[in-house]
Each structure stands twice: as C-alpha cells, then as structure tokens.
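Working through the structure, step by step
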Amino acid sequence: MKYRHRKPITQISRRSIIITLLVICSILVVSMLIVRATQQSNQLNMDQATTVEMPALTQHSMLNEQSLEQSSVAPSKGFKIWNYGMAMGLQHEQYSQTKSESLSKSSVSSNTSKSTDNKQRGDEQPIITVLLTEQQIVEQVPLEQYVLQVTLAEIPSSFEEEAIKAQMLAVRTYIVRRMTNASNVEQLEQSGERYIVTDTVQHQVYWSNEHMLTYEADESNKKTLEKFTRALEETKGQILIYNEEPIEAVFFSTSNGYTEAAENYWGHAIDYLQSVESKWDQAISPSYEQKVAFSYEQLYQLLGLAANNNDKLNITNVTHTNSNRIASLTINGEIFKGKQFRQLLGLASTHFTWTKDNKARTITFTTYGYGHGVGMSQWGANGMAQAGYLAKDIVTYYYKGVHIQQASKLANNY
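Residues numbered from 1 in each chain as written. Predicted model: local features only at pLDDT ≥ 70, side-chain atom pairs only at ≥ 80, totals over all residues. Heavy atoms only, no water.

**Focus on the environment of Leu-188**
Formally: Where helices and strands are cited, they refer to DSSP runs of H or I of at least four residues and of E of at least two residues respectively, numbered from the N terminus. The contact criterion used throughout is that any non-hydrogen atoms of two residues lie within 4.5 Å.
Relative to the helices and strands, Leu-188 is located in the loop between β5 (186-187) and β6 (194-195). Sequence separation between Leu-188 and Val-138 is 50 residues; the distance between their C-alpha atoms is 8.5 Å. In contact with Leu-188, other than residues within four places in its own chain, are Leu-131, Gln-136, Ile-137, Val-138, Glu-193 and Tyr-195.

Have a look at this one:
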C-alpha cells in the first residue's frame, strides 16, 4: 500500500491561520468587555438611585423594636426602625412615593424649600413626628426640615449666620438624642397618633408646615430663608458629641453674664453643662433686664402662703449659685428653691433683685437674663458671631469638651 506524502504547509497558509485566530480572539475579548461594561453601567445606575448621605435604610433592628414594645407605646403597623435607626435609635415612617410627594407639597412651596425637599427625597431622612398642641394633631416632617422650622421659630431672623449654624447644631442634636430613647414616644388619646416632640418650649418651639407655607409666600422673607437654608446645608447631619453620644443640647434666650451649671438647676452634674462667662448678652439682648410687680396678696397666692398677720413680707436666708442666680430663699418662714420660685411667679430668670413697698403692699422684681440659664445662650451666641467667632467656636465654648460629628458616623457605636 502506497502512502501519499502530505503537502507541506506554506508560509502563506500559516499566516492565514494566525490571522484568523487573532480575529476570533479579538472578537471574544471585545464581547467580554462589552458585557462587563454593561454590567458596571447597570450597577452604577443602581448605586446612584439608592446612595444617600446617611447609610441605606433597608433592614429592621429587632433590638430597637423590642425596646419600643417594652415602652408605654407599642409600634404600630408600618412603624419601622431602619439601619440608621439601628445605629442611632431613630424612628422612621415608611412612605409610599405618593405620601412623600404629598408631604413635600404641604411643607414646602418656595424655590428654596423645593430644593431642600428634592434632596430629602433622595436622602431618606428620619421623619420627626410633632404634636401641634393647639390643634391636637400630629404633623410629620423630615429631620432637616424640622431643624429649619425650629430654628426659624427659636431665634430672630436678624441673627448672624454663624449663630444660626450654632443653633441648628443644638436643635438637631436635641432631637437626635430624644429619638434614641423609645420611652420618649407619646400617644394622643383621641386618635392614637404617636409623636416624639411637641411644638412648645416643653421641647423646642416649632413652626408648623402651614405656618412655614405662609412665611415662604411673603417675598420679604426671601433673604432670611436663603440665609437660614444656607446655614442648614452647611451643618447638614451634624450633631454635638460627648463621649461618643449626642449631648443634651439645651439652650436658652439670654444670660445674666454667666451660664448656669446643670447641677444647680436640675440637681445633677453634667460635664459639658458647666457655668461659663457670657459677656455678650447684656449689650445686645432686649430681654436682659425686666421688671415685674406683685401685690403682697398676689405673691402669697402664687406661692401658696397664708396672708401674713402683721402685713409684713419677710425675705431672708438668700443664697446664690456661682453664676449669681438665686439658689434658695425664705419667704415668711417658707423655704423656696430659686428654680421653684421663678416658676411659681413666672419670672424671666433666677437672677433677680427686689424692692418692697410696705405701704402700698407691693413688691417689684428685677430679673437679669431670660431662661433657665443652662447650656448655650442664644443671644450670647449671636454676640460671639458678631465678634467673629465661628459656629464651632460657639458650641464648644458653651458646651465644654464636645465636638461636631456627622450623626451617621455613630453607627459603629450602637
């Protein structure tokens, strides 16, 4: 049997085979790159749709739900604690897109607020539930909008921007801390609606959404809104921290020249709420000094004292705190704490002096400062801002040892 010799592969044939293989490989590589690029593009679009400044809000916290169940108010259907809540104990309401749009329309009308609301819909902020005390209804508002509406209600529009920022840091810290404790959730008896805070000085004064709409509709408020909104954006998400926890960011209107230490007003010491000099208030606050007069009969009635048989009003054993406020005093043999005395008479401050007119049977009190005196003085903060201090300088002056931090960074501590 004869074997035929195969023809040798020529150089041209080898070249054709190599070129063909290269073309096939190139096609495969290009196809793989196209598939991978498509996957990355899809993933990028998904991230852009769900990425928020605060951590993604996707999972429940069983621990916090249990703590809510143990509180006096059990969580209702749809009431959830999300990842950010798992870190901070913040409570969120799960809204449909329709409800979110409805909330946006009710709480914002101006261009400034529309811009804020657009960001809120992308940020999944905690929803603050506020009891409107006069109407006895509960209003819901995103966290940052709540901060804006409280700050507008709490301080004059003429305040310096750095003082506004300091106020917003305190407001935001106050509500964040309050929301970390499920026992702060209260419930309306009539409707069963739950709320975390009221709109009064019991917590923080707050402008309702309806009030905000009216304010925004007035063109003369445009510059004020721009100033406050700018301050809100520059402090967004920032709170005041001490020992890795949100502080009790209490504040008041006007100092008598010094703030009061917490132990002198509430009976227990707090490291960051100590007495500091506040020398700016006297020159700029319209509430620094006030006078109020009472007849002896009015005084006795308010203090729950029997009328004095000899028609004399005796004030003795007066003691002071280190901030010159009244610690205690004795009225016709009855001892009163300074705080108690102030509350019973409705005085502006626990720093007061008095003059008596036994013939007319009247007593006139002169008060210095306005408010409980603990924490940050609002007018003092404005005085510091006028003197060139920044918001950081202001809050770290009035709250000793604190620092500013994004609330979301506390997640690892809870």
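**A word on the nonpolar core**
As a rule of thumb, nonpolar side chains are buried together in soluble globular proteins. Note the cut-off: In these notes, a set of buried Ala, Val, Leu, Ile, Met, Phe, Trp, Tyr and Cys residues joined through side-chain atoms within 4.5 Å is what counts as a nonpolar core. Relative accessibility under 20% of the residue-type maximum defines a buried residue, over 50% an exposed one, and the middle range a partly exposed one, all with a 1.4 Å probe and only protein chains included.
By size, the foremost hydrophobic cluster in this structure holds 56 residues, and its most contacted members are Ile-128, Tyr-146, Met-376 and Tyr-399. Breaking this core down by element, the ones donating at least two residues are β3 (127-132), α6 (143-154), α7 (161-179), α8 (209-217), α9 (222-234), α10 (262-266), α14 (378-386) and α15 (391-398). In terms of residue count, α7 provides more of this core than any other element does, nine residues in total. When sequence neighbours within four positions are dropped, the list of residues in contact with Tyr-146 reads Ile-128, Val-130, Val-141, Val-171, Ile-175, Val-197, Gln-204 and Tyr-206.

**Description of the packing of α7 against α14**
The condition is simple: Axis geometry follows a simple rule: fit a line to the C-alpha atoms, using only the stretch in contact for helices, then measure angles between N-to-C directions, giving values from 0 to 180 degrees. Geometric relationships in this document are graded by angle, where less than 35 degrees denotes roughly parallel, more than 145 denotes roughly antiparallel, 65 to 115 denotes roughly perpendicular, and other angles denote oblique. Left-handed is the label given to a crossing in which the near helix is rotated counterclockwise from the far helix by less than a right angle, and right-handed is the label when the rotation is clockwise. Each residue is assigned to one of three groups, with Ala, Val, Leu, Ile, Met, Phe, Trp, Tyr, Cys and Pro labelled nonpolar, Asp, Glu, Lys and Arg labelled charged, and all others, Gly among them, labelled polar.
Packing of α7 against α14 brings their axes to within 7 Å, and their N-to-C directions diverge by 140°. In terms of orientation, α7 and α14 fall into the oblique class. For the pair α7 and α14, the sense of crossing is right-handed. Taking contact as the criterion, the partners of Glu-162, Ala-163 and Gln-167 in α7 are, on α14, Gln-378, Ala-381, Asn-382 and Ala-385. Of the residues belonging to the contact of α7 with α14, the class tally is three nonpolar, three polar and one charged.

**Section: the sheet that holds strand β8 (residues 238-242)**
Paired through backbone hydrogen bonds, the strands of a sheet run either parallel or antiparallel to each other. Operational definition: Here a strand pair is declared whenever DSSP counts at least two bridges between the two strands.
Sheet architecture is open: three strands sit in the order β9-β8-β18, paired in antiparallel fashion. Edge positions in the open sheet fall to β9 (245-246) and β18 (403-406), since each of these has one partner strand only. Across two bridges, the pairing between β8 and β9 is antiparallel. Bridged to Tyr-242 within β9 is Glu-245.

**Quick look at the pattern of salt bridges**
The test is simple: When a carboxyl oxygen of Asp or Glu is within 4 Å of a side-chain nitrogen of Lys or Arg, the pair counts as a salt bridge.
The final tally for this structure, using the stated rule, is seven salt bridges. With its nearest N and O atoms 2.8 Å apart, the salt bridge here joins Arg-172 to Glu-144. Residue Arg-172 is located in helix α7, and its partner Glu-144 is located in helix α6; the two are separated by 28 residues in the primary sequence. Here Arg-172 matches Glu-144 in class, with each residue buried. A salt bridge links Arg-178 to Glu-186; its shortest N-O distance comes to 3.8 Å.

**Brief notes about unusual backbone geometry**
Of note, the phi angle at Gln-136 is positive, near 55°, even though the residue is not glycine. Here Gln-136 is to be found in the loop between β3 and β4 (137-142). Judged by its relative accessible area of 35%, Gln-136 is partly exposed. The backbone of Arg-361 shows a phi angle near 55°, a positive value even though the residue is not glycine.

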